[in-house]
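# Chains, contacts and geometry: an overview
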Amino acid sequence: MRVNVTFGEGTADAETGGAEAASSLRRWLMAEPELRGRARFSPGTEPSAAGHMGDGLELVNVVLANSIALGSLITAIAAWRGSRSRPPQVRLERDGVVVTLRDNSPEQVEQILRMWNASASASASSAGSASASASASALPSSPADSASALPAGDDE
């Protein structure tokens, strides 16, 4: 499962604030015990919008091993924001759904998780109903065949 993290208003310096915030958050997340072994972090840039000068927006790419680590990721980002003298807005994107973390409250963390889970459930049910009739014929005819006939899950 991939999450992209970018920064909005409140970044300390318009020119280097995004890069500094991205670097600081990446170090913070790498040190987070709840994410060790469950997430990979890499820096990245988002291209500038057409007609705008300057470098692309700095971001942190996060790849999570499972959906359980998602709550730990959002909680760790909220804690990082709380440690900053001028906490920036943090935009998180997962599967095309973008949310903005504006405060560090547990309620906002829960709200983001509910929104993403609802979005993932909606897309899974629409994909599942479209392929239900096709996959029914792919099910094994005997229990002995079940291990090889069912597809392996992929959280990414």
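Residues numbered from 1 in each chain as written. Predicted model: local features only at pLDDT ≥ 70, side-chain atom pairs only at ≥ 80, totals over all residues. Heavy atoms only, no water.

### As for the overall build of the protein chain
Scanning the protein chain from N- to C-terminus turns up four helices and five strands. Ordered by position from the N terminus, the helices and strands of the protein chain form the series β-α-β-β-α-β-β-α-α. Summarising the internal contacts of the protein chain: among those between residues at least 6 apart in sequence, 57% fall at separations of at least 24. Approximately 9400 Å² of the protein chain is accessible, and the part contributed by carbon and sulfur atoms is 52%. (Helix = DSSP H or I, 4+ residues; strand = E, 2+ residues; numbered from the N terminus. Contact = heavy atoms within 4.5 Å. Areas by Shrake-Rupley, 256 points an atom, 1.4 Å probe, with all protein chains shown as cover.)

### Quick word on helix α2 (residues 68–82)
Over its 15 residues, α2 runs 22 Å from end to end, which matches the ideal 21 Å to within 8%, given 1.5 Å per residue. Here α2 lies mainly inside the structure; eleven of its 15 residues are buried. Looking at α2, one finds that the buried residues are Ala69, Leu70, Gly71, Ser72, Leu73, Ile74, Ala76, Ile77, Ala78, Trp80 and Arg81. (Expected span 1.5 Å × (residues − 1). Buried < 20%, exposed > 50% of the residue type's maximum accessible area, 1.4 Å probe, protein only.)

### Observations regarding the confidence of the model for the protein chain
Scored by pLDDT, the protein chain comes out at a mean of 75, with 67% of its residues at no less than 70. Across residues 131–156, where pLDDT falls below 50, the model places 13 contacts with residues more than four positions away in sequence or in other chains. (pLDDT = per-residue confidence, 0-100.)

### Thoughts on the pattern of salt bridges
In the structure shown here, the tally under the stated rule is four salt bridges. Measuring nitrogen to oxygen at the nearest pair gives 4.0 Å for the salt bridge that ties Glu34 to Arg38. Given the relative accessible area of 44%, Glu34 is considered partly exposed. When its relative accessible area of 35% is taken as the criterion, Arg38 is described as partly exposed. Glu110 is the salt-bridge partner of Arg114, the closest N and O atoms lying 4.0 Å from each other. Remark: Glu110 and Arg114 occur in helix α3 (residues 106–136); sequence separation between them is four residues, near one turn of the helix. (Salt bridge = Lys/Arg side-chain N within 4 Å of Asp/Glu carboxyl O.)

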